[in-house]
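Reading the structure
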Amino acid sequence: MKLILLGPPGSGKGTISERLEKDYKLYHLSAGALLREEVAKSTTIGKDIKAYIERGELVPDSFVVQLVKLDAKSKPNYILDGFPRTLTQATEIEDLNIDIVLLLDVSEDIVLERFAGRRVCQSGEHGYHLTHLPPKVTGICDVDKTSLIQRKDDNPQVIKKRFQIYHKDTALLINYYQKKKLLHKIPANGTPDEVYQNVKKIINQLNKNK
Ligand code: AMP
């Protein structure tokens, strides 16, 4: 199964992807994580990407498409988390034959509250929330045992910018995938457990109809 997870920043795409990866054996392909890996290499390109991310802007389409396609190439089943984010990116991956697109439908006030408590491990791979999804040991990642940090682009000014971009570019994808009859809206204002139950219902239904 090839699945796209759409939704505004802070809608829980990373958290839901982690669960899907475990339960359905889908490879979790996060465009943001791939970009942060490039940043960590401190190459010239990595430094450019860092600047885009820290400003809350989208990294140029051609670079992201290339990076994602290279990673997806050898995998039969995956979740695309945070990709595509523009119509250009969506048209560039027509050949991947996506099975389903889930839109995490969450209100902006809930997202802002989530951001305030959001923490990630040093690799950025595992996400937590101080109240709604705390780690077993305060301040430490359950999986890789590194200390938890707040992402640099999780500050209010950058978040505002990321929202503007979502409404300007990414929201166009809703119409695009609706027309292709691939889009399912998932109510996502609740807890991670509640949202995940909603996601599972849709996926299990799709698997049954196959
Ligand atoms: P995320 O981890 O999905 O919240 O993404 C963090 C940041 O990485 C975004 O604010 C963008 O700067 C960049 N980014 C992630 N995915 C994409 C994408 N599909 N296209 C362009 N930039 C992206």
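Residues numbered from 1 in each chain as written. Predicted model: local features only at pLDDT ≥ 70, side-chain atom pairs only at ≥ 80, totals over all residues. Heavy atoms only, no water.

1. A few points about the site of the ligand
Where we set the bar: The criterion for a residue being near a molecule or strand is simple. One of its heavy atoms has to lie within 4 Å of it. We call two N or O atoms a polar contact when they sit within 3.5 Å, provided that within protein one can donate a hydrogen and the other can accept it, with sequence-adjacent residues counted only if both atoms are side-chain atoms. Every accessible area reported is derived by Shrake-Rupley at a probe size of 1.4 Å, with residue values counting cover from the shown protein chains alone. By the criteria applied, helices consist of DSSP H or I runs no shorter than four residues and strands consist of E runs no shorter than two, each listed in order from the N terminus. Each residue gets one label: Ala, Val, Leu, Ile, Met, Phe, Trp, Tyr, Cys and Pro are nonpolar, Asp, Glu, Lys and Arg are charged, and the others, such as Gly, are polar.
In the vicinity of the ligand lie 16 residues, with R36, E57, G82, R85 and Q89 positioned nearest. R36 places a side-chain nitrogen or oxygen 3.0 Å from an oxygen atom of the ligand. For the ligand, an oxygen atom lies 2.6 Å from a polar atom in the backbone of E57. Contact with the protein chains covers 95% of the free accessible surface of the ligand, which is 480 Å². Here the element with the most residues in the shell around the ligand is helix 2 (residues 31-40); it accounts for 4 residues. Tallied by class, the residues present in the shell around the ligand amount to 7 nonpolar, 3 polar and 6 charged.

2. Describing helix 4 (residues 61-72)
This is how it is decided: One fewer than the residue count of a helix, multiplied by 1.5 Å, yields its expected span. Working definition: with a 1.4 Å probe on protein chains only, accessible area under 20% of the residue-type maximum means buried, over 50% means exposed, and in between means partly exposed. Residues count as neighbours in contact if any of their non-hydrogen atoms are within 4.5 Å of one another.
Taking 1.5 Å per residue as the helical rise, helix 4 with its 12 residues ought to reach 16 Å, and the 16 Å between its terminal C-alpha atoms agrees with that figure. Burial in helix 4 covers these residues: F63, V64, V65, L67, V68, D71 and A72. Next to the buried residues of helix 4 lie strand 2 (27-30), helix 2, helix 3 (44-55), strand 3 (78-81) and helix 5 (87-92).

3. Some details on the side chain of D169
Within the secondary structure, D169 is located in helix 7 (residues 156-170). At 3.4 Å, the side chain of D169 forms a polar contact with the side chain of K168.

4. A short note on the pairing of strand 4 (residues 100-105)
The line we're drawing: At least two DSSP bridges between two strands are required for those strands to pair.
Among the 6 residues in strand 4, 5 count as buried, and that is most of the element. With 5 bridges connecting them, strand 4 and strand 7 (residues 183-187) associate as parallel partners. Note that in strand 7 the partner of L104 across the bridge is I186.

5. Re the packing of helix 1 (residues 13-24) against helix 9 (residues 192-209)
For any two helices packed against each other, one specifies the crossing angle of their axes together with the interaxial distance. Applicable threshold: For helices, the axis comes from a line fit to the C-alpha atoms of the stretch in contact; other axes are also lines fit to C-alpha atoms, and the angle between any two N-to-C directions lies between 0 and 180 degrees. Here the word oblique covers every angle except those under 35 degrees (roughly parallel), over 145 (roughly antiparallel) and from 65 to 115 (roughly perpendicular). The sense of a crossing depends on the near helix, which, turned anticlockwise from the far helix by less than a right angle, makes the crossing left-handed and, turned clockwise, makes it right-handed.
One can describe the packing of helix 1 onto helix 9 by two numbers: an axis separation of 10 Å at closest approach and a directional angle of 50°. If you check the angle between helix 1 and helix 9, you find them oblique. Note that helix 1 runs across helix 9; the crossing there is right-handed. Contacts between helix 1 and helix 9 involve T15, I16, R19, L20, D23 and Y24 on the former and, on the latter, P192, D193, V195, Y196, V199, K200, I203, N204 and N207.

6. Overview of the pattern of salt bridges
Stated precisely, the cut-off is as follows: What counts as a salt bridge is simple: a side-chain nitrogen of Lys or Arg found within 4 Å of a carboxyl oxygen of Asp or Glu.
Inspection of the entire model under this criterion finds 14 salt bridges. Residue E38 is joined to K41 by a salt bridge in which the shortest nitrogen-to-oxygen separation is 2.8 Å. For the salt bridge of K69 with D95, the shortest nitrogen-to-oxygen distance reads 3.0 Å. With K69 in helix 4 and D95 in the loop between helix 5 and strand 4, this residue pair connects regions lying 26 residues apart in the sequence. Exposure remark for D95: the relative accessible area of 51% places this residue in the exposed category. What emerges from the salt-bridge pattern is a single network uniting R118, R151, D153, D154 and R162.

Such coordinate-based values are descriptive only and should not be taken to indicate function.
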